[in-house]
Amino acid sequence: MATTAVGQPLSRVDARRKVTGTATYSAEHRIEGLLYGVIVNGTVARGTVSRISVDAALAHPGVLRVLTDFGKLQLAHPVDRLAFYGQPIAVVVAETLEAATHGASLVEATYERQDAVTDFDDPDIPLQTPEDEPDYSRGDPAGALASAQVKVDLELTSARENHNPIELPSTIARWQDGRLTLWDKTQWSQGAARTVAGALGIAVTDVRVHNEFLGGGFGSGIQTYDHVVLAAFAAREVNRPVKVVLTRRQFYYGTGFRPASRHRMALGSTAAGRVSALVYEVRIENARYRTYTDGLTDLPKFLYGVPNTSTAYRITPIDVHSPASMRGPGVVLGNFALETAMDQLAHELAVDPVELRLRNEPTQDEVSQLPFSTRKLRECYETGARRFGWSRRRAKPGSRTDGDLLIGMGMATASYHNNRRDSSARARIHADGTAEVFAASADMGPGTTTSVMQVAADALGLPASAVTFRLGDSSYPTAPLHAAACTMASVGSAAHTTCHALKAEFIRRAVADPNSPLHGANPADVQVRDGQLETSGARDTYRDILRRAGLPSLDITGNWGPGDADSRISTYGYGAVFAEVSVDPLLGLVRVRRIFAAYDVGRVISPKLAHSQAIGGMVGGIGMALLEGTVTDHRDGRIVNASLADYLVPVNADVLDLDAAFINTEDPQADPIGVKGLGEITIVGVAPAIGNAVFNATGKRLTDLPIRPEALL
């Protein structure tokens, strides 16, 4: 059957609801008897609460309860002591948000402070090697580096980044007959259900989570944080529904962040540009109470064919909230170190940066020793360079100007592992010929609701307008977290597999039914188009099959998983990112003029949505390269710039000309729909491409993110 929906640039099916305000987000549900909860945050990074006064809060009109005893809750951090600045110490519940907010301001606490460390550059903090990130080595990296004809050895840093999606973390909790319903801004409804059930000591089957619409996530909604548990706890204590919405400032304190990092990246090369040695050492900040690791070493040990490679990953445990995944987690930082060093090596060798990378293309995955499922990186370089106009780049830094401005071009490679996870789906065809597909996935903005619908429509042989994909409910069939670029490959494959099974069931019924025009036909010869089954001129329809059977609908639940594929193939997405910047040498201001990227991400289900994803990743990369950085007052662990007035993110004026193209390829070995993850890779190469463009413009190799004006003066 010819594809009719996949590959078409369809608009989002939920776009009208979103732009007209009829899409209902977590905090917007109208629940009878709703109360409001406001969290009171502790103001020391380490210690205990010695006394807490709630009398003034309780005396405020509208305040019903002030909850301070969290001793029976199982949270990710200790509840008997303070482990980070901003840790919840109370919840004020009131009839109105205004009353709850003012009541929270009246709660007073005194503390027994303990010496705290919130600066992970403190030399007295011992480093730790996380269990899931052991040291890695192949060949003789130290010896190869020492004997290399050309060497690059860089120290690099990146600042902490905080999540800033438009929708704030928000939860409504309601108990009925011992069962809990949550309307929560989460990227993983079933994960949230498990976490809350565990925290409250109840069965996970007694928790249902709704999350149909999300106003951005970028990783901030993967974990289930205190405010979700406390909303459920408060609702149980007061026996009424409770809504908790964090303020923007509380967002910085109450959820995770991309950890600050420190890197050493050393490369050794022959004079001909063959990289012979790579030594990568990295350290990130961590919480004392919990170990968190990102995949920072993944690309340095994988991306190029370097025979002598070593990586060492360390964490520094301090008195902060635990870091968390943020778009391109870990990989984006490790790639910044690698691609900055590769650009410096190209400069030292007087070799074009694209050519240097081509000279070091591996023939297989050097880590796993497995063949690549597909690796169209060469095509990405060629397409990106041609469409960007890379041939106009001047190799000598500082040699191109536009008036008083210095102009530079830079590029970087991008890659991200093609994550696929076990997933399930339920497909149903109704008597009117329309279909629904269900899975407990989420859509924080990439258009999952639309793209899975396209896959399902083609698998069922129906027009896209006749199919609806239902998500955002933990009671639906199992789906993985909506993150790690795994949703389309996992949920899309489950939908594809299940819908084909449902179509096959209709065909089976038709050929077995004496009253069907298809009776006795070979099922393999039956084609389905627009809900019509046909072979050799005979036709039947989904509608008629259901009518004859007296059924209002027919559904099937199916499963898909990658099985042992990762033991047989190495499957990654790839990209080449090109950037042009201007630099004002008097003010030190960097402006991104344009970015173009070419990607090998397998089959592109929805070109319009894929392009939007690419643009969004580029915007995030601009923020990482030039703007974003969390500032901490190390006297107490307070975040100084915890607001959008002080924490800088890209705005439209920073985003002038962004574009992307996709290499025409599929990856059938990875999954049945031939896709690779797209959500993460689009940010991975942006920051180093911008940094390399700044070097080309100025001759200054800047290795600290974000790039600040004072570094260029």
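Everything discussed here concerns the structure shown above.
Below: a short report on this structure. (Residues numbered from 1 in each chain as written. Predicted model: local features only at pLDDT ≥ 70, side-chain atom pairs only at ≥ 80, totals over all residues. Heavy atoms only, no water.)

Below, the discussion takes up the overall build of the chain. The secondary structure content of the chain amounts to 17 helices and 31 strands. In terms of overall dimensions, the chain has C-alpha extents of about 80 × 75 × 50 Å along its principal axes. Within the chain, the proportion of its 713 residues that are buried is 60%. Taking the contacts inside the chain whose residues are at least 6 apart along the sequence as the reference set, 81% of them involve residues at least 24 apart. Of the roughly 27200 Å² that the chain leaves accessible, carbon and sulfur atoms contribute 48%. (Helix = DSSP H or I, 4+ residues; strand = E, 2+ residues; numbered from the N terminus. Buried < 20%, exposed > 50% of the residue type's maximum accessible area, 1.4 Å probe, protein only. Contact = heavy atoms within 4.5 Å. Areas by Shrake-Rupley, 256 points an atom, 1.4 Å probe, with all protein chains shown as cover.)

So, on to the sheet that holds strand 17 (residues 401-402). One open sheet accounts for five strands, arranged 17-18-26-27-30; its pairing is mixed. Either end of the sheet is taken by a strand with one partner, and the two such strands are strand 17 and strand 30 (658-662). Of the strands in this sheet, strand 27 (589-600) and strand 30 are in contact with helix 15 (residues 607-627), which crosses strand 30 at around 130 degrees. (Pairing = 2+ DSSP bridges. Axes fitted to C-alpha atoms, helices over the stretch in contact; angles between N-to-C directions.)

What the rule picks out here adds up to 13 aromatic pairs. Between the aromatic rings of Tyr252 and Tyr647, the centroid separation amounts to 5.6 Å while the plane-to-plane angle is 75 degrees, which identifies the pairing as edge-to-face. Of this pair, Tyr252 sits in helix 7 (residues 248-254) while Tyr647 sits in the loop between strand 29 (638-639) and strand 30, and the two are 395 residues apart along the sequence. The class for Tyr252 is buried, based on a relative accessible area of 2%. (Phe/Tyr/Trp six-rings, centres within 6.5 Å; stacked < 30°, edge-to-face > 60°.)

If you trace the backbone, Gly620 turns up in helix 15. Remark: the alpha-carbon pair of Gly620 and Thr682, spanning 62 residues in sequence, is separated by 9.0 Å. Ignoring sequence-local partners within four residues, the contact set of Gly620 consists of Glu628 and Ile683.

Once that is clear, we can look at the pattern of salt bridges. Scanning all chains against the criterion turns up 37 salt bridges. In this structure, the salt-bridge partner of Arg470 is Glu436, at a minimum N-O distance of 2.9 Å. Linking Arg470 in strand 21 (residues 467-470) with Glu436 in strand 20 (residues 435-438), this pair joins segments that are 34 residues apart in sequence. Using a relative accessible area of 14% as the deciding quantity, one classes Glu436 as buried. Look at the salt bridges and you will find they share partners, linking Arg46, Arg288 and Asp319 into a network. (Salt bridge = Lys/Arg side-chain N within 4 Å of Asp/Glu carboxyl O.)

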